[in-house]
Amino acid sequence: MTQAPETLLAGSSLTRLTALLYRLTGMKFDEKKRFYLERRVAHRMDRTATTDIARYLLLLERDAHERQMLINAVTINETYFFREEHQLTALADEILPRIAAEKRPGDLIRIWSLPCSTGEEAYSIALWLLERWPLVDAYHVEIVGSDIDTHALDAARDGQYGARALARLPADMLAAYFEREHQHRRRIVQDLRESVLFTQANLNDAASVASQGRFDIVLCRNLLIYFDDESRIAAARHLHEALLPGGYLLLGHSESMARIDERFDLVRLRQAIVYRRC
């Protein structure tokens, strides 16, 4: 029988686990997150029939699949359609016109949503551009959603969402781009599901980021708040490499590049503050 969650992580076991998660993800977990971690570790121990924490830590060291399952268990997937709508407005009204001005019709424009969670942000970009950017068909727009959580990526590819995730979408968009409601959920239409590419990527890993190629625009919202200073500096370096020269980075409303990496210029648009790769 698995140890009770309240006694599961203490002393060296907590230190070893949080050090492993930090190395794998860049996210800093401390004593304040102990109960949060204990519940998820206890669940994984039950699923792997592991009877004590020492054995489970040994399993994590040798089993890449279980490390991924633990990452899936501890990552936070809080999102919904048209979140931070002002940034989507800035994307269609100011950022994309600036990028398109440097390209020819038919050229590739790549947009990256990282972390994409269960896909709401990546699909929101697609929906917003279809409705709000008149030149969307004049260019080859490629939208990529990436996340470290493989379960979230599976859900994104499936494209089914409940009322809370869809609450900000107008009724006409729900009718045009989603299948009829079934069991209180609606699925985004197949054409849109196939238009967005979902891939696994870890912002803490330079090779993982590099494998995605380079982008004109990156939305990396509400991830850096979970990193410490060292991880933020590494993440900024990886984001800089992921952007094409002159490309734009959009962060969450409480995040800033100002004190992290001087290779990004702050750009004040009418609707949003964004960063441009020098």
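Since the structure is predicted, the reported quantities are computational estimates derived from the model, not experimental observations. (Residues numbered from 1 in each chain as written. Predicted model: local features only at pLDDT ≥ 70, side-chain atom pairs only at ≥ 80, totals over all residues. Heavy atoms only, no water.)

Caption draft 1: Fine view of the sheet that holds strand β7 (residues 243–251). Taken in spatial order, the seven strands of this open sheet run β5-β2-β1-β6-β7-β9-β8, and their pairing is mixed. Among the strands making up the open sheet, the edge pair consists of β5 (196–200) and β8 (264–268). Averaged over all adjacent pairs, the angle separating strand axes in this sheet is 25°, with direction ignored. Relative to β5, strand β2 (residues 140–147) runs parallel, the two sharing five bridges. Bridge pairing in β5 places I143 opposite V196. Those strands touched by helix α5 (residues 85–100) are β1 (108–113), β6 (215–220), β7, β8 and β9 (273–277), and its axis lies near 170° from that of β7. (Pairing = 2+ DSSP bridges. Helix = DSSP H or I, 4+ residues; strand = E, 2+ residues; numbered from the N terminus. Axes fitted to C-alpha atoms, helices over the stretch in contact; angles between N-to-C directions. Contact = heavy atoms within 4.5 Å.)

Caption draft 2: Layout of helix α7 (residues 150–158). What α7 keeps buried is the set A152, L153 and A156. Along α7, the residues classed as buried sweep out an arc of 100° about the axis, all on the same side. Where α7 is buried, its residues contact α6 (120–132), β2, β3 (160–162) and β5. Among the residues of α7, the N-terminal cap falls to D149, whose side-chain oxygen and the backbone nitrogen of H151 are separated by 2.9 Å. (Buried < 20%, exposed > 50% of the residue type's maximum accessible area, 1.4 Å probe, protein only. Arc of directions from axis to C-beta. Polar contact = N/O pair within 3.5 Å; in protein donor to acceptor, adjacent residues only side chain to side chain.)

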